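The chain contents come next:
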Amino acid sequence: MKILELERVESGYGAVAVLRQVSLHVNVGEIVTLIGANGAGKSTLLMTLFGQPRAVGGRILLDGVDITQRATHQLAGLGMALVPEGRRIFPGMTVAENLAMGAVSVPEVAAPEVARVLERVLGLFPILDERAGQRAGTLSGGEQQMLAIGRAMMSRPRVLLLDEPSLGLAPLVIQKIFAVLREIAAEGTTLFLVEQNANQALRLANRGYVLVNGEIRMEGSGEALLADPEVRRAYLGGH
Amino acid sequence: MTGHIFAQQAVNGLVLGSVYGLIAVGYTMVYGIIGMINFAHGEIYMIAAYLTAIFLAGLTLLGLQSPPLAILLVLAATIACTALYGWSVERIAYRPLRHANRLAPLISAIGISLILQNYVRLSQGARTQGIPSILDGGFHLFASGPDAFVRLTHAQLLIVVTAIISMFLLHFFIARTAMGRACRAVQQDRVMASLLGVNTDRVIAIVFVLGAGMAAVAGVLVTLNYGSFDFFIGFVAGIKAFTAAVLGGIGSLPGAMLGGVVLGLAESFFSGFVNTDYKDVFAFSLLVLVLIFKPSGLLGVPEVEKV
């Protein structure tokens, strides 16, 4: 069953078209990755799902329902959460407040559930518990990434979208973050992972898409793409 | 003797500064959240002055005798009406232009400011209006002779105390409530806040309403203290409060209050010891100096952000 589906989506900034007729889908419980070079339109694709910028053509379906024209702030409540490019944590707020912001889309009645999710997030990232009262802007890059992932989890998303969670981090931290992503996926959350770090992403993913100049150029299982000579040459530094 | 004059000017400056601070909060909050100066903010203060007179007259007609109760009712009614004005200004002048060129909302706000001024002039008359004083009397502090004392009127005391309470309530709202947290989130990263599910249009409207409410408190207090007003008082008060906001560091709530108090004290001491005519020159020179040596204002801190 498809949880997220894009049908010939077109998007861009003003006159600049970035995405051209992008069609892809993510099934419930899957880990799907989108790889592509810098400037291919990966981040634009994720932001377009949230209407920032809004798609100018095609349709975006969540659980089969057309959400293309939905207001940005209504989407978190429908079960999508984004860990955006550059983390975009709130630097002037404490770690605890950042996590609380992740749950704003959860209705008041679910407060006990929020407390349980918070406990789960702090269990996955104990460092966030230690730093709970600290201003988020003072965290290291890896800690900020963990905070961004934790914040996204606070709304109990059914599909978690991640934009280059490994960017600029030390290999050890990347491993830790990917281990947590595996755990989140194992609990039943669907993952849609955008990465330049194609090797790591394709190893984690069930399926993958390759985005080139705003168009889907290839798709296949994680192993198939890993083995593909063209993918190896362009994204994995192979020969 | 000089000591008494000094203390008296300090009292006067503190009172003036409280008023500037209350209005400055509106400028600083709106700037913090949408990065723009709300040029119609001074008019909100002016309208609050007129509403104070109207509600006070209404209560007197109804036969209300007790001044404390009257003040409380007038304050509540004025804040409620003025909040509606603040909401409307945002809805009419700012929201439709949210994604327009940065200059467009600025110009529409100046337009709203002119409309409000002239709407009051047409409906209330261009003459200076007044209300009878309902808060007489005061205290003589540090009295050591017939001419040697510091006078603190009841109205002045009311201004300072109400300003402090209002600031405390506002600070509590911003720092401690979920809605206040959403306001800070929108201020720090509007798109991210909306991705998480914050209705940013609603948050921006609330900030305008809060700013208008604080300006309303200032309008009521000043009217009770001075008793006279006209349709143009919003302009000068607005410029002074804007100066206070920039002086304290625009975008910072404590900065707005501090900036107001510093500006009020500076004006008051300069009037008392040097020259009344040039007090504004002195106030604005102070602003220029602060901006030269600390461009972010007294409490404005450039945001620390790791990338």
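K.L.:
Help me understand helix H10 (residues 253–273) of chain B, please; the structure alone is not making it clear to me.
P.N.:
Note on helix geometry: an α-helix contains 3.6 residues per turn, so any two residues three or four positions apart are oriented the same way. Residues and elements named next belong to chain B. Between its first and last C-alpha, H10 extends 30 Å over 21 residues, near the 30 Å set by a 1.5 Å rise per residue. Close packing links the buried residues of H10 with helix H1 (2–34), helix H5 (154–176), helix H9 (233–248) and helix H11 (279–293). At the N-terminal end of H10, a side-chain oxygen is found 2.9 Å from the backbone nitrogen of Gly255, two or three residues along, and the residue is Ser252.

K.L.:
Explain the packing of H9 of chain B against H11 of chain B here, please?
P.N.:
The description of two helices packed together rests on the angle between their axes and the distance between the axes. Residue and element names in this part refer to chain B. At a minimum axis distance of 10 Å, the contact between H9 and H11 shows a crossing angle of 25°. Looking at the two axes, H9 sits roughly parallel to H11. Relative to H11, the crossing made by H9 is left-handed. Across from Ile239, Lys240, Thr243, Val246 and Leu247 in H9, the residues of H11 making contact are Lys279, Asp280, Phe284, Leu286, Leu287, Val290 and Leu291.

K.L.:
Quick question: what am I supposed to make of the domain arrangement of chain A here?
P.N.:
A common way to report how large an interface is uses the accessible area buried once the components associate. All names here are of chain A. According to the domain assignment, chain A contains domain 1 (1–79 + 188–239) and domain 2 (80–156). Spacing between the C-alpha centres of domain 1 and domain 2 amounts to 24 Å. Each partner contributes residues to the interface: domain 1 has 13 residues there, and domain 2 has six residues. With both sides pooled, the region where domain 1 packs onto domain 2 buries about 800 Å², and carbon together with sulfur makes up 71% of that total. At the junction of domain 1 with domain 2, the criterion picks out zero salt bridges. There are one residue pair in polar contact (both at pLDDT 80 or more) connecting domain 1 and domain 2. In terms of residues, the side of domain 1 that touches domain 2 owes the most to one element, helix H1 (residues 42–49), which gives four residues.

K.L.:
Even after reading the chapter, I still don't get the pairing of strand S2 (residues 16–27) of chain A, so can you show me in this structure?
P.N.:
Every other side chain in a regular strand lies on the same face of the sheet, so the side chains alternate between the two faces. Residue and element names in this part refer to chain A. One ladder, built from eight bridges, connects strand S1 (residues 2–13) with S2; its direction is antiparallel. Among the inter-strand pairings, Leu4 is bridged to a residue of S2, identified as Val26. Here S1 hands over to S2 after two residues, with Gly14 in that stretch at a positive phi of 60°.

K.L.:
Would you mind showing me how to read the sheet that holds strand S6 (residues 80–83) of chain A here?
P.N.:
Two pairing modes exist for strands in a sheet, parallel and antiparallel, and in both the strands are linked by backbone hydrogen bonds. Residues and elements named next belong to chain A. The strand order S6-S7-S8-S3-S9-S10 describes an open sheet built from six strands, whose pairing is mixed. Pairing within the sheet leaves two strands with one partner each, and these edge strands are S6 and strand S10 (215–221). Each strand of the sheet is rotated relative to its neighbour by a mean of 15°, with strand direction disregarded. Here four bridges tie S6 to strand S7 (residues 159–163), and the two strands are oriented parallel to one another.

K.L.:
Would you explain the interface of chain B and chain A in this entry?
P.N.:
On the side of chain A, 27 residues touch chain B, which itself brings 21 residues to the contact. Interface area for chain B against chain A, summed over the two sides, is near 2100 Å², with a carbon-plus-sulfur share of 61%. The interface formed by chain B and chain A holds two salt bridges in total. A salt bridge links Asp189 of chain B to Arg88 of chain A; the shortest N-O distance between them is 2.9 Å. In this structure, the connection of chain B to chain A is made through three residue pairs in polar contact (both at pLDDT 80 or more). Contributing elements (two or more residues each) for the side of chain B that touches chain A: helix H6 (178–188) and helix H7 (190–195) of chain B. Of the residues in the side of chain B that touches chain A, the class split is 11 nonpolar, four polar and six charged.

K.L.:
How do you make sense of unusual backbone geometry when you look at a structure like this?
P.N.:
Note: most peptide bonds trans; most residues except glycine with negative phi. All names here are of chain A. Here the bond from Gln52 into Pro53 is cis, since omega is 5°, no more than 30 degrees from zero. By the element assignment, Pro53 lies in the loop between H1 and strand S4 (57–62). If you check the backbone angles, Asp63 has positive phi at about 55° while not being a glycine. For Asp63, a relative accessible area of 33% translates into the label partly exposed. Even without being a glycine, Glu164 presents a positive backbone phi close to 45°. A relative accessible area of 7% means that Glu164 is categorised as buried.

K.L.:
Mind showing me how you'd approach the environment of Gly3 of chain B here?
P.N.:
Mapped onto the elements of the fold, Gly3 of chain B is located in helix H1. Using a relative accessible area of 49% as the deciding quantity, one classes Gly3 of chain B as partly exposed.

K.L.:
Would you mind showing me how to read the pattern of salt bridges here?
P.N.:
Where charged atoms from two side chains of opposite charge approach closely, those side chains can pair. Throughout the structure, instances matching the rule amount to 21 salt bridges over all chains. Ionic pairing is found between Glu164 of chain A and Lys42 of chain A, a salt bridge with its closest N-O pair at 3.8 Å. Within this pair, whereas Glu164 of chain A is found in the loop between S7 and helix H7 (171–186), its partner Lys42 of chain A is found in helix H1, the two being separated by 122 residues in sequence. Considered together, Glu164 of chain A and Lys42 of chain A belong to a single accessibility category, that of buried residues. Between Glu183 of chain A and Arg120 of chain A there is a salt bridge, with the nearest N and O atoms lying 3.1 Å from each other. One end of the pair, Glu183 of chain A, is in helix H7; the other, Arg120 of chain A, is in helix H4 (residues 111–124), and 63 residues separate them in sequence. Salt bridges here are not isolated pairs; linked through shared partners, they connect Glu90, Arg95, Arg98 and Asp201 of chain B.

So, how was this worked out
- Residues numbered from 1 in each chain as written.
- Chains lettered and ligands numbered in written order.
- Predicted model: local features only at pLDDT ≥ 70, side-chain atom pairs only at ≥ 80, totals over all residues.
- Heavy atoms only, no water.
- Helix = DSSP H or I, 4+ residues; strand = E, 2+ residues; numbered from the N terminus.
- Expected span 1.5 Å × (residues − 1).
- Contact = heavy atoms within 4.5 Å.
- Polar contact = N/O pair within 3.5 Å; in protein donor to acceptor, adjacent residues only side chain to side chain.
- Axes fitted to C-alpha atoms, helices over the stretch in contact; angles between N-to-C directions.
- Parallel < 35°, antiparallel > 145°, perpendicular 65-115°, else oblique.
- Left-handed = near helix turned anticlockwise from the far one by under 90°.
- Domains from an automatic or database assignment.
- Buried area = accessible area lost by both parts, 1.4 Å probe.
- Salt bridge = Lys/Arg side-chain N within 4 Å of Asp/Glu carboxyl O.
- Pairing = 2+ DSSP bridges.
- Nonpolar A, V, L, I, M, F, W, Y, C, P; charged D, E, K, R; others polar.
- Buried < 20%, exposed > 50% of the residue type's maximum accessible area, 1.4 Å probe, protein only.

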